[in-house]
Every structure is written in structure tokens, then in C-alpha cells.
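The lines below spell out each chain.
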Amino acid sequence: QVQLVESGGGLVQAGGSLRLSCAASGRTFSSPGMGWFRQAPGKERELVAAISWSEGYTYYVDSVKGRFTISRDNAKNTVYLQMNSLKSEDTAVYYCAAAPGRTTIRYEYRYWGQGTQVTVSS
């Protein structure tokens, strides 16, 4: 059984930083692509960042480019999202997800974590 467990969320002031972690257990895919999504109240869940297994591919939604960095440690089965210069509009529940390969398409992500709340106060 696959489990994705996020951690690192919390309350931070605007301009601050947080680092989210997502630890995977169980067998996902041989070369999984990983993504971080977020969902704010009343809004659709959106892909924030994605990373491939090994070829160095990353994707960022325009609103976080230059502020967020996605990375992974395959030996630890963990993916990270470093979030700097946080803004109030970054407030959301953040989810990590796993797909068979690199993708920016939401429905291709098969496994999801339970989410972690990030609240940015202005």
C-alpha cells in the first residue's frame, strides 16, 4: 500500500519561508514523477510544482517561480518544496502526489497525501 505523508506546514508571516516534505512508503512506480498541489478555500486544486525522477525536469506555476523550489531525495523516497518570500495568496492546503512519470496533468497523479495546511499572515 502506498502512503504519501506531508509535513512542514504551519503559520508564517508574509515574506517568511517554509519547507514542506513528503515521505513516500510502499511501492509507487518505478520512476515516479512527483508533484506539489495546493487548494485554497473555494478554489480548484492547482499544480504548484513538479519534478521528474532523475532527468532534472522541474515545473513551476508562474505565481511561484523564483520563490519555490522543488527537489527530491530518491534514496529517502522524499520530495521537498522550499517556499520562500511567502505571500498571503499562498495560503492553502498543500498536497503531494505521485504519477507514473513526469507530468503536469492532474488526473495522471495516482497517489495523494492527506495534505498540510500553510497559512501566510499579512
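The notes below deal with the structure included here.

What counts and what doesn't
Residues numbered from 1 in each chain as written. Predicted model: local features only at pLDDT ≥ 70, side-chain atom pairs only at ≥ 80, totals over all residues. Heavy atoms only, no water. Helix = DSSP H or I, 4+ residues; strand = E, 2+ residues; numbered from the N terminus. Buried < 20%, exposed > 50% of the residue type's maximum accessible area, 1.4 Å probe, protein only. Polar contact = N/O pair within 3.5 Å; in protein donor to acceptor, adjacent residues only side chain to side chain. Contact = heavy atoms within 4.5 Å. Phe/Tyr/Trp six-rings, centres within 6.5 Å; stacked < 30°, edge-to-face > 60°. Lys NZ or Arg CZ within 6 Å of the ring centre and 35° of its normal. Pairing = 2+ DSSP bridges.

### Overview of the side chain of Thr116
Right, on to step 1. Its location among the elements puts Thr116 in strand E11 (residues 116-121).
Right, on to step 2. By relative accessible area, Thr116 is classed as buried at 11%.
Right, on to step 3. In this structure the side chain of Thr116 is engaged in a polar contact, spanning 3.3 Å, whose partner is the backbone nitrogen of Gly9.
Right, on to step 4. For Thr116, the residues in contact, after removing those within four places along its chain, are Glu6, Gly8, Gly9, Leu20, Ala92, Val93 and Tyr94.

### Looking at the packing of aromatic side chains
Right, on to step 1. Overall, the coordinates contain 4 aromatic pairs when judged by the stated rule.
Right, on to step 2. With a centroid separation of 5.0 Å and 85 degrees between ring planes, the pair formed by Phe37 and Tyr109 is classed as edge-to-face. Taken together, the residues Phe37 in strand E4 (residues 33-39) and Tyr109 in the loop between strand E9 (92-99) and strand E10 (111-112) connect sequence positions 72 residues apart. For the pair Phe37 and Tyr109, one class covers both residues: buried.
Right, on to step 3. An aromatic cluster of three or more residues is present, and its members are Phe37, Tyr109 and Trp112.
Right, on to step 4. Above the face of the Tyr80 ring, Arg19 is positioned so that its terminal group lies 4.0 Å from the ring centre.
Right, on to step 5. Residue placement shows Arg45 over the ring face of Tyr95; its charged tip is 3.7 Å from the ring centre.

### Quick look at the pairing of E11
Across a regular strand the side chains alternate sides, sitting on one face of the sheet and then on the other.
Right, on to step 1. Side chains Thr116, Val118 and Val120 of E11 all project onto a buried face; the interleaved residues Gln117, Thr119 and Ser121 project onto a face where none is buried.
Right, on to step 2. Pairing of strand E2 (residues 10-13) with E11, which is carried by 4 bridges, proceeds in the parallel orientation. Residue Leu11 lies in a different strand from E11, and its bridge partner there is Thr119.
Right, on to step 3. Summarising the sheet, E9 and E11 pair through 3 bridges and their orientation is antiparallel. Bridged to Tyr94 within E11 is Thr116.

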